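Architecture and fold: a report
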Protein chains: 2
Amino acid sequence: MSPDEFEAALRGIGAERYHILHPFHHLLHNGKLSKGQVQAWALNRYYYQANIPAKDASLLARLPTTALRREWRRRIEDHDGDGTQPGGVERWLALTDGLGLDRDYVTSLRGLLPGTRFAVDAYVHFVRERSVLEAIASSLTEMFSTNIIQQRVAGMLRNYDFVSEATLAYFNPRLTQAPQDVDFALAYVKQHADTREKQEQCLAALRFKCDLLWAQLDALHLAYVEPRLVPPGAFRP
Amino acid sequence: MSPDEFEAALRGIGAERYHILHPFHHLLHNGKLSKGQVQAWALNRYYYQANIPAKDASLLARLPTTALRREWRRRIEDHDGDGTQPGGVERWLALTDGLGLDRDYVTSLRGLLPGTRFAVDAYVHFVRERSVLEAIASSLTEMFSTNIIQQRVAGMLRNYDFVSEATLAYFNPRLTQAPQDVDFALAYVKQHADTREKQEQCLAALRFKCDLLWAQLDALHLAYVEPRLVPPGAFRP
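Residue numbering note: each chain is counted from 1, following its sequence as written. Chain A is the first chain written and ligand 1 is the first ligand written, with later ones labelled in order. In keeping with the model being predicted, local features are shown solely for residues with a pLDDT of at least 70 and side-chain atom pairs are shown and tallied solely at 80 or more, while totals for entire chains, interfaces and linings include all residues. Side-chain metrics rest on all non-hydrogen atoms present in the structure, leaving aside hydrogens and water.

Describing the UniProt feature "domain: Thiaminase-2/PQQC" (unreviewed entry) in chain A
UniProt positions are given in the numbering used here, feature names are shortened, and annotations may be inferred rather than shown by experiment. The feature "domain: Thiaminase-2/PQQC" (unreviewed entry), as given by UniProt, occupies residues 8-218 of chain A in the numbering adopted here. Taken end to end, residues 8-218 of chain A has its terminal C-alpha atoms 27 Å apart, with 75% of it in helix and 0% in strand. Every helix listed is a DSSP run of H or I at least four residues long, and every strand listed is a run of E at least two residues long, numbered separately from the N terminus.

Here we look at unusual backbone geometry
With an omega of 0°, the peptide bond between Glu226 of chain A and Pro227 of chain A qualifies as cis. Turning to its location among the elements, Pro227 of chain A is positioned in the segment after helix H11 (196-224). One non-glycine residue, Leu109 of chain A, lies in the positive phi region at around 65°. With a phi angle near 60°, Arg228 of chain B is a residue other than glycine that sits in the positive phi range. Here Arg228 of chain B shows up in the segment after helix H11 (196-224).

Considering the pattern of salt bridges
Whenever Lys or Arg places a side-chain nitrogen within 4 Å of a carboxyl oxygen from Asp or Glu, that contact is recorded as a salt bridge. Throughout the structure, instances matching the rule amount to 40 salt bridges over all chains. Here Arg75 of chain A makes a salt bridge to Asp181 of chain A, at a shortest N to O gap of 4.0 Å. Here Arg75 of chain A is found in helix H4 (residues 66-80), whereas its partner Asp181 of chain A is found in helix H10 (residues 171-192), with 106 residues between them in sequence. This pair shows no difference in class: Arg75 of chain A is buried, exactly as Asp181 of chain A is. Between Glu7 of chain B and Arg11 of chain B there is a salt bridge; the shortest N-O distance is 3.0 Å. Taken together, the residues Glu7 of chain B and Arg11 of chain B, both in helix H1 (residues 3-17) and four residues apart, mark about one turn of the helix. Buried, partly exposed and exposed residues are distinguished by accessible area as a fraction of the type maximum, computed with a 1.4 Å probe on protein chains only: under 20%, between the cut-offs, and over 50%, respectively. What makes Glu7 of chain B buried here is its relative accessible area of 17%. Each of Glu71, Arg74, Arg75, Asp78, Glu142, Arg174 and Asp181 of chain A takes part in a single network of salt bridges with overlapping partners.

Some points on H1 of chain B
All names here are of chain B. Helix span, as expected, comes to 1.5 Å for every residue beyond the first. A rise of 1.5 Å per residue sets the reference length of H1, with its 15 residues, at 21 Å; its end C-alpha atoms lie 22 Å apart and thus fit the reference within 8%. Taken residue by residue, H1 has Phe6, Glu7, Leu10, Ile13, Gly14 and Arg17 as its buried positions. All buried residues of H1 project into a common sector of 120° when viewed along the axis, lining one side. What points out from H1, more than 90 degrees from its buried face, is the exposed set Asp4, Ala15 and Glu16. By definition, residues are in contact when any of their heavy atoms lie within 4.5 Å. Those residues of H1 hidden inside the fold are in contact with helix H10 (171-192) and H11. The directions considered for the arc are those from the helix axis to the C-beta atoms.

Structural notes on the interface of chain B and chain A
Quoted interface sizes are often the accessible area lost when the parts come together. At the junction of the two partners, chain B supplies 25 residues and chain A supplies 25 residues. By convention, the term buried area covers the 1.4 Å-probe accessible surface removed from two parts as they join, with the contributions of both added. Between chain B and chain A, a total of about 2100 Å² is buried, with carbon and sulfur atoms accounting for 74% of that surface. Our count for the contact surface shared by chain B and chain A stands at two salt bridges. Across the pair Glu129 of chain A and Arg128 of chain B runs a salt bridge, and its minimum N-O distance is 3.7 Å. Two N or O atoms form a polar contact when they lie within 3.5 Å of each other; inside protein one atom must be a possible hydrogen donor and the other a possible acceptor, and for residues adjacent in sequence the pair counts only when both atoms belong to side chains. At the junction of chain B and chain A, the tally comes to three residue pairs in polar contact (both at pLDDT 80 or more). For the side of chain B that touches chain A, the leading source of residues is H11 of chain B, giving eight residues. Charged means Asp, Glu, Lys or Arg here, nonpolar means Ala, Val, Leu, Ile, Met, Phe, Trp, Tyr, Cys or Pro, and polar covers whatever is left, Gly included. Taken together, the residues of the side of chain B that touches chain A break down into 14 nonpolar, four polar and seven charged.

As structure tokens, this is what we get:
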């Protein structure tokens, strides 16, 4: 595939299986969920947010050049903060606070759905074990995230009286951070996937990443929407 | 905890969260599923079966004594066979054959639910990364399996005209293998969990294992029972 055909194939995966297509996403953004269901979403997604800098750190440890490490260090700073500005993890906890969840309960992970844990851990393991190229390709779901973030923030502010611009403060910086991340990662992947085999590995990595985002909404849907099968020990709104 | 109290605590975890309690299990055994739904179960569970000897081999590689390695080598033989007798993986494929699934499709994993993959991979990673004691403790769900196997075989033979004793041949040897496995593993865990902290680690390992069996039925339930949300790319009966 030419670089442009390859990019089109990557974007095609998003059109087919990005979690913006999941019914839970539509319920969330269209005001169809109760506060308890939104709490369940925020509680579970905390585990994903908290593991993003961990997966980035395991990639950072394997990057071969100063320029690459500097780029990936910036990502970790986006999520962990710099000691003066809160990072993404801290801003996510402002969301769970704003939804009335106890912060110690959230960070203890006691109420987490096992399906969330297994999907997120699969991501961390993937980045640790696969090639640098595949690890970077798996970050490319951010190509599709600007749209979902805009839908989410607008829809949630319009539809839920229990969220505010302050509680949704996680998302605003992502609207500028994510495109910056994508510019770098997409250019890297297009340059380094210089055989058909490597291109296929990148496509598979992006499919894998879409699957694990989708699986997180699957677990939420089963437990909290329909048929409301909450696994033993998990959060009950 | 005394060894007897510790064993009671281990058994209590099974009473609370073993997947015999999952609604999908009841539907399966009581004849409430269509052939397509039973196919989905067998197809997904193949991935679990196929990874059991892989997780056992990664534990084998870390065992310190001849006696322990001999015991664990026997388990791998149970699953991989000895070249004359088929092992558990081969017997599972007799089940998927008997249900009319194409063997190449099953082993390609193309139709696998992502939730199955993440749960099974979590088990393999757990056994690879945790202590030998925790890895052995995580195998103790077999304490609870005799009962579920008997229910499953009797219920499926009675309720489905598309299964036979031949297609369910996987399960019979497990009725003698599993108690043998448990005798060894339970004695090992009771002897080596000689502090409260180690006992708690073993209890957490068994809870983790129950959670990943449960999560596999969750994924099947969501996709194939209710609300029938089949993830992109997964098997469609």
